[in-house]
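Residues per chain are reported as follows:
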Amino acid sequence: MELEAIPGVGAKTAAALRELDDPAATVESGDVAAIARAPGVNEARAARIARGAIRRRHDDDGRVLATDRARELYREAIDLLRERTVTDYAAKRLETFYPSASASRIDEAQSFAAAATDRDPDPAVREALADCAPLTDPPTVRVRDRCLASADAETLARAEAEVPELSVETVEDARDVSELGRSYASVIVLDESFAGLDVEGDVSVRPDALEAPAETVPERLLAFFAENRERLEAAAAVHEAAAAAGDPVSGGDPPVDLDRLRDALSRLDDDGTIAGDAELDRLTAAVDDLDAAVSTAASVADDRLREAIRERDVTIEGTDFLSLVEQGARVDSLLDRELADEYDAAVAAAREHLADALRLEPEEAELAERVFGGDPSFPVDHDESAVSRLRTELSAARDRRAAKLKADLASDLGDLREPVEELVRDALELDVELAVARFADDFDCVMPEVVGPEAADADAGFRIEGGRSPLLDVDFADVEPVDYAVSGATLLSGVNSGGKTSTLDLVALVVVLAQMGMPVPAESASVERFEEIHYYAKSQGTLDAGAFEATLRDFGDLVDGADGRLVLVDELESITEPGASAKIIAGILEALDDQDATAVFVSHLAREIRDAADFDVAVDGIEAAGLVDGELRVNRSPKKGHLARSTPELIVEKLADDRGGEFYGDLLEKF
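Residues numbered from 1 in each chain as written. Predicted model: local features only at pLDDT ≥ 70, side-chain atom pairs only at ≥ 80, totals over all residues. Heavy atoms only, no water.

Caption draft 1: Region of interest: the overall build of the chain. In terms of helices and strands, the chain carries 27 helices and 15 strands. A fraction of 71% describes how many contacts in the chain between residues 6 or more apart in sequence connect residues 24 or more apart. Summed over all atoms, the accessible surface of the chain reaches about 32,100 Å², with 45% contributed by carbon and sulfur. (Helix = DSSP H or I, 4+ residues; strand = E, 2+ residues; numbered from the N terminus. Contact = heavy atoms within 4.5 Å. Areas by Shrake-Rupley, 256 points an atom, 1.4 Å probe, with all protein chains shown as cover.)

Caption draft 2: Spotlight on the sheet that holds strand β5 (residues 449–451). With respect to topology, four strands assemble into an open sheet ordered β5-β9-β6-β7, the strand pairing being mixed. Strands at the two margins of the open sheet, each flanked by one partner only, are β5 and β7 (482–486). Taken over all neighbouring pairs, the strand axes of this sheet differ in orientation by 15° on average, direction set aside. As defined by bridge partners, strand β6 (residues 462–467) adjoins β7 across four bridges and the pair is classed as antiparallel. Across the sheet, phenylalanine 462 pairs through a bridge with valine 486, a residue of β7. The strands that helix α22 (residues 500–516) touches are β5, β6, β7 and β9 (524–528); relative to β9, the one it contacts most, it runs at about 75°. (Pairing = 2+ DSSP bridges. Axes fitted to C-alpha atoms, helices over the stretch in contact; angles between N-to-C directions.)

Caption draft 3: Geometry of the environment of arginine 417. Relative to the helices and strands, arginine 417 resides in helix α21 (residues 417–442). C-alpha separation for the pair arginine 417 and leucine 221, spaced 196 residues apart in sequence, amounts to 8.2 Å. If sequence neighbours within four positions are ignored, arginine 417 has contacts with Arg37, Asp137, Leu221, Phe224 and Phe225. Engagement of the side chain of arginine 417 in a polar contact is seen with the side chain of glutamate 421, the distance being 2.4 Å. (Polar contact = N/O pair within 3.5 Å; in protein donor to acceptor, adjacent residues only side chain to side chain.)

Caption draft 4: Focus on the pattern of salt bridges. Taken as a whole and judged by the stated rule, the model has 44 salt bridges. The partner of glutamate 433 in a salt bridge is arginine 119, and the shortest N-O contact between them spans 2.8 Å. Here the residue glutamate 433 occupies a position in helix α21, and arginine 119 occupies one in the loop between α7 (103–117) and α8 (123–129), the gap between them amounting to 314 residues. On the basis of relative accessible area, glutamate 433 is assigned to the buried category, the value being 14%. Across the salt bridge formed by aspartate 263 and arginine 267, the nearest N and O atoms sit 3.6 Å from each other. Judged by its relative accessible area of 42%, aspartate 263 is partly exposed. (Salt bridge = Lys/Arg side-chain N within 4 Å of Asp/Glu carboxyl O. Buried < 20%, exposed > 50% of the residue type's maximum accessible area, 1.4 Å probe, protein only.)

Caption draft 5: Quick look at the packing of helix α12 (residues 218–227) against α21. The N-to-C vectors of α12 and α21 enclose an angle of 20°; their axes lie 12 Å apart at closest approach. Comparing their axes, α21 and α12 come out roughly parallel. In this structure, α12 meets α21 at a crossing whose hand is left-handed. In this structure, α12 uses Leu221, Phe224 and Phe225 to contact α21, whose residues at the interface are Arg417, Val420 and Glu421. (Parallel < 35°, antiparallel > 145°, perpendicular 65-115°, else oblique. Left-handed = near helix turned anticlockwise from the far one by under 90°.)

Caption draft 6: Looking closely at the sheet that holds strand β3 (residues 186–189). The strand order β2-β1-β3-β4 describes an open sheet built from four strands, whose pairing is parallel. Pairing within the sheet leaves two strands with one partner each, and these edge strands are β2 (166–170) and β4 (203–205). In this sheet, adjacent strand axes meet at a mean angle of 25° when their direction is disregarded. Here five bridges tie strand β1 (residues 143–150) to β2, and the two strands are oriented parallel to one another.

Caption draft 7: Broad picture of the nonpolar core. One finds Leu17, Phe225, Leu261 and Met516 to be the most contacted residues of the largest nonpolar core, which totals 119 residues. The leading source of residues in this core is α21, at twelve residues. With residues up to four places along the chain from it excluded, the contact list for phenylalanine 225 reads Leu232, Leu261, Leu265, Leu268, Leu413, Leu416, Arg417 and Val420. Counting residues in each nonpolar core, the second largest holds 29 residues, with Val287, Tyr343, Leu358 and Leu394 among its members. (Core = buried A, V, L, I, M, F, W, Y, C linked by side-chain atoms within 4.5 Å.)

Caption draft 8: Fine view of the packing of aromatic side chains. Evaluated as defined, the whole model comprises five aromatic pairs. Ring centres of phenylalanine 439 and phenylalanine 443 lie 5.4 Å apart, and the angle between their planes is 70°; on these two criteria the pair is classed as edge-to-face. In this structure, phenylalanine 439 and phenylalanine 443 share a single accessibility class: buried. Seen from their ring centres, phenylalanine 462 and tyrosine 484 are 5.8 Å apart, and the 65° between their planes marks the pair as edge-to-face. Here the residue phenylalanine 462 occupies a position in strand β6, and tyrosine 484 occupies one in strand β7, the gap between them amounting to 22 residues. Both residues of the pair, phenylalanine 462 and tyrosine 484, belong to the buried class. Positioned above the aromatic ring of tyrosine 98, the side-chain terminus of arginine 55 is 4.1 Å from the ring centre. We note arginine 93 situated over the ring of phenylalanine 112; from NZ or CZ to the ring centre the distance is 5.8 Å. (Phe/Tyr/Trp six-rings, centres within 6.5 Å; stacked < 30°, edge-to-face > 60°. Lys NZ or Arg CZ within 6 Å of the ring centre and 35° of its normal.)

Caption draft 9: Summary view of the side chain of histidine 58. The topology assignment puts histidine 58 in the loop between α4 (43–57) and α5 (68–82). Here arginine 105 takes part through its backbone nitrogen, which lies 3.4 Å from a polar atom of the side chain of histidine 58. In this structure, histidine 58 is in contact with Ser102, Ser104, Arg105 and Glu108, ignoring residues within four places of it in sequence.

Caption draft 10: Just a negative patch on the surface, in detail. Side chains of Glu127, Asp131, Glu230 and Glu233 sit close together on the surface and give a patch of like negative charge. Mapped onto the fold, glutamate 230 is located in helix α13 (residues 229–244). (Patch = residues over 30% accessible without salt bridge, like charges linked within 9 Å, V, L, I, M, F, W, Y side chains within 5 Å. Lys, Arg positive; Asp, Glu negative; His and termini not counted. Charge placed at Lys NZ, Arg CZ, Asp CG, Glu CD.)

Caption draft 11: Structural view of unusual backbone geometry. The backbone phi angle of aspartate 444 is positive, close to 50°, even though this residue is not glycine. Inspection of the secondary structure assignment puts aspartate 444 in the loop between α21 and β5. By relative accessible area, which is 44% here, aspartate 444 ends up partly exposed. The residue aspartate 596 is not glycine, and still its phi comes out positive at about 55°. Its place among the elements puts aspartate 596 in the loop between α24 (578–594) and β12 (598–602).

Caption draft 12: Summary view of the packing of α12 against helix α20 (residues 384–414). Where α12 contacts α20, the two axes come as close as 9 Å, and the packing angle between them is 60°. With respect to α20, the axis of α12 lies oblique. Considering only the axes of α12 and α20, their crossing is left-handed. Note on element contacts: α20 touches α12 through Lys406, Ala407, Leu409, Ala410, Leu413 and Gly414, opposite Pro218, Glu219, Leu221, Leu222 and Phe225.

Caption draft 13: Quick look at the side chain of threonine 598. For threonine 598, the position within the fold is in strand β12. What makes threonine 598 buried here is its relative accessible area of 1%. Aside from chain neighbours lying at most four places away, what touches threonine 598 is Gly461, Phe462, Val486, Gly488, Glu528, Phe530, Arg565, Leu566 and Val567.

Caption draft 14: Representation of helix α18 (residues 340–358) in the model. If you check α18, its first and last C-alpha atoms are 27 Å apart, about what 19 residues at 1.5 Å a residue would give, namely 27 Å. Those residues of α18 that fall on the buried side of the exposure criterion are Tyr343, Ala346, Val347, Ala349, Ala350, Leu354, Ala355 and Leu358. Those residues of α18 that are buried lie in contact with α15 (278–311) and α19 (362–369). Two residues or fewer after α18 comes arginine 359, characterised by a positive phi angle close to 55°. (Expected span 1.5 Å × (residues − 1).)

Here is the structure:
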């Protein structure tokens, strides 16, 4: 895939996307979280990129939402779905669903939504989803005790680009490699020409090291799992909760053995180091505590000697004392002569304390013996070079142990890298599905039939049975159902506050959701696959000349457009004088009728528009049953082929019935 060919993706964004492991496949997948891992791409931007990739895949270049009000209805529909998500990911992922005129895209989205509505939004699953989030890439981990080496400039450049965690060194010969072996705990030579190299230190020749990053720099993989530990555990909990509810996330077993994953994570500390290995802990503690243990061991020896001196009377003959003075002897000589056994016992105690404090193995304890045991002294002295040697040996043992454990754990986790991506992705996608399922449950939705332009004329337009709008400012349970079907250009008449605008909103919402591939709030519905949806909301008062002209230009462009459009207009007559409005609306309806467009114009001038039109305009009416205790009683479903009575007519009729008299009767006859 050519990334720049995706709508909305320029050169800069394409460059960022190419930083992903498999840019084309990632973008094609529509995985918002995976796309958002590209540098500088947030989830909102990732959703737009995914939507653009979907459009390109379906050759879907059209823009169905042609007016501001149509776009507002789409946002309201998306918000209804988003309100039912748990994770931020799902809220962004729903942005990839949009009203489309592409049959293949609608079919694809409907397949997803139909499967989603079969889901059971179990509370335990939703609770588990609360901690679920997309995986993230950790910061680059710097490993300072290992390096890569090569004599080839191209190999060096590749190593620096692909393995930023390690230092990359230039070598020319075995001497250079030997020097690196003394500077680094481990050296990996990338050139085959150095095969058979025999130098001191941990030096290996691995020409394939760049192809096996898990072996070369296991810290990278470990850092990834450490960074995402909580996300992985949350995703595992989602899979387990869904399985317990009898509705597995992916219809079967998770893509990874959850016990194996948890076991591997238990061997990993939060900073990416190895955890839970007693031997590594012992060696690490021994290195860290060495100086303190040596100091304490010396104190133990001093205390033993001090006590021995207190308890003994040391007698020195005069000639012996003179001889010692003439020889420049110090107390050391006195200790060697008079307290030799006690000194040896003190040194033995120091050695034993050091070995016990550091929990040294026998071979390590042999090195520790050299720390104490030189010439007698008080306080007891230690050999710093022996301490340094012991530290070097313990550090080397620790590093070897850590390297082996890292390699072993990275080998175990390497097989899990892709499965855990799927584990988390499936859990997050479940939240998207459950949001659709909850939407369908909350608003008694059904999957609509979306009819293509090849369908018979009788199936064109829209048909809604038992539709109820969730956009009304009342409890959904109290919303009265509406039946309405339109094919062609139609006028919708009715009393004020009778529900004409709400009916238009319902029609627009059903069509928008249907062309998104989503379920719709109705008992059943059939919708033509419209190329464009034009919804014009009621104008706030009469327009001035300039605004009126601009509005006419909009309708001029509308009637000059392509076929396959839905046009919804709410009281267009309010833009100018009623007499002129009727003529203008009649002309617009004539043009739309010529194009076989589906149109619903709400108007209080239905009679005048019908009289002005040069074709038989269909007129539907939301009929009021009358006034009861001052309250309007309305049949919310438009009555086909019926010009509804106005509110003034109903009031006059009520007065004529209640009060009688010639005046009210004459007024009523004028209607």
